[in-house]
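Below are the chains, spelled out letter by letter.
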Amino acid sequence: MLIVEHLYLTRYTMGLFPFFHDKQMWTKALEEDGEIIVKQKPMEIIEQSCLYYGASLRGRKDGARHIIGTSHKAPIAVEPTNEIFFFPTISPVNPQCVWLSHLHIRHHEHVQGGKTRITFSNGTIVELCISHHSFINQLHRTAQLRTKMNERIEARERKMMYLLYLREKEWS
């Protein structure tokens, strides 16, 4: 298994799972093609990935609150043009918080004991200590943020194409 000091989220990252190693919190990053152990907390990976893509975590949280009106367990648009949207399973201040990529959730179902079984895009299955109702709420919040941001990005692109068309027409 690969062990690294740092990790930036990509569209191939499916989830961030905290665990303790020698009294330090590390992360098991579930990628499409395997697992990577990262010597960072999941929240540090989220924060540094936001910065890597040009925004602060605070800015991403403020943006989510403005767009979908939620601040509690808000989904994070780490990099919207590459579909990198992550959501926390519980409060992000809780050390047991798992972060999941909206892009890679293929199936989910209730499991006895207040848990949820998730199937990722590559067929990997995990069970998490989150009620199915709470999981669905988080999934829907993230879908709402993703949809609204994609609509805004597409509207901007259409406007740019129209302006280019007008400019080209003006020159001919």
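Just so we're clear, the structure is a prediction, and the values are computed from it rather than from any experiment.

Rules used throughout
- Residues numbered from 1 in each chain as written.
- Predicted model: local features only at pLDDT ≥ 70, side-chain atom pairs only at ≥ 80, totals over all residues.
- Heavy atoms only, no water.
- Buried < 20%, exposed > 50% of the residue type's maximum accessible area, 1.4 Å probe, protein only.
- Helix = DSSP H or I, 4+ residues; strand = E, 2+ residues; numbered from the N terminus.
- Pairing = 2+ DSSP bridges.
- Core = buried A, V, L, I, M, F, W, Y, C linked by side-chain atoms within 4.5 Å.
- Contact = heavy atoms within 4.5 Å.
- Phe/Tyr/Trp six-rings, centres within 6.5 Å; stacked < 30°, edge-to-face > 60°.
- Lys NZ or Arg CZ within 6 Å of the ring centre and 35° of its normal.
- Salt bridge = Lys/Arg side-chain N within 4 Å of Asp/Glu carboxyl O.
- Axes fitted to C-alpha atoms, helices over the stretch in contact; angles between N-to-C directions.
- Parallel < 35°, antiparallel > 145°, perpendicular 65-115°, else oblique.

We now examine the pairing of strand β3 (residues 24-31). Of all the eight residues making up β3, six are buried; the element is thus mostly covered by neighbouring parts of the structure. Inspection of the sheet shows strand β2 (residues 13-21) paired to β3 by eight bridges, in the antiparallel sense. Looking at the pairing, F20 lines up with M25 of β3. Alignment of β3 against strand β4 (residues 34-38), held across five bridges, turns out to be antiparallel. When the bridges of β4 are listed, E31 appears paired with G34.

Bringing the nonpolar core into the picture now. Counting residues in each nonpolar core, the largest one holds 17 residues, and the members touching the most others are L9, L16, I46, I76, V78, F86 and W99. Elements that contribute at least two residues to this core include exactly β4, α1 (42-52), β5 (76-79) and β6 (84-88). The leading source of residues in this core is α1, at four residues. Filtering out sequence-adjacent residues up to four positions away, L16 remains in contact with L7, L9, T27, K28, A29, P42, I45, I46, F86, C97, V98 and W99. Formed by 14 residues, the second largest nonpolar core is a distinct cluster that contains V98, L100, I105 and F120.

In this section: the packing of aromatic side chains. Describing an aromatic ring pair means giving the distance of the ring centres and the angle of the ring planes. Evaluation of the coordinates by the stated rule reveals four aromatic pairs. Here Y8 and Y52 contribute two aromatic rings whose centre-to-centre distance is 4.1 Å and whose plane-to-plane angle is 20°, an arrangement assigned as stacked. Linking Y8 in the loop between β1 (2-4) and β2 with Y52 in helix α1, this pair joins segments that are 44 residues apart in sequence. Positioned over the ring face of F17 is K28, at 5.8 Å from the centre of the ring.

Pairing between side chains of opposite charge can happen when their charged atoms approach one another. If you walk through the whole model with that rule in mind, you get seven salt bridges. Of the charged contacts in the structure, one is a salt bridge between K39 and E5, with a shortest N-O distance of 3.3 Å. On the criterion of sequence distance, the pair formed by K39 in the loop between β4 and α1 and E5 in the loop between β1 and β2 is long-range, its members being 34 residues apart. Across the pair K28 and E35 runs a salt bridge whose closest N-O atoms are separated by 3.8 Å. One network of salt bridges, with partners in common, ties together R58, D62 and R65.

Where helix α2 (residues 57-68) contacts helix α3 (residues 132-171), the axes come no closer than 10 Å and their chain directions differ by 90°. Judged on the interaxial angle alone, α3 and α2 are roughly perpendicular. Residues R60, A64, I67 and I68 of α2 form the contact with α3, whose own contacting residues are R141, Q144, L145, K148, M149 and R152.

Here we come to the pairing of strand β10 (residues 125-128). With burial as the criterion, only one face of β10 is covered, namely that bearing V126 and L128; the residues I125 and E127 on the opposite face remain uncovered. Sheet analysis places strand β9 (residues 115-120) next to β10, joined by four bridges and oriented antiparallel. Considered in β10, the bridge of R117 is made with E127.

The strand order across the open sheet formed by three strands is β8-β9-β10, and the pairing between neighbours is antiparallel. Edge strands, defined here as strands with exactly one partner in the open sheet, are β8 (105-111) and β10. On average, each strand axis in the sheet is tilted by 20° relative to the strand beside it, whichever way the strands run. Relative to β9, β8 is paired through six bridges, and the arrangement is antiparallel. Counted as the bridge partner of I105 is F120 from β9. Contacts from α3 reach β8 and β9 within the one sheet, and its direction differs from that of β8 by about 155°.

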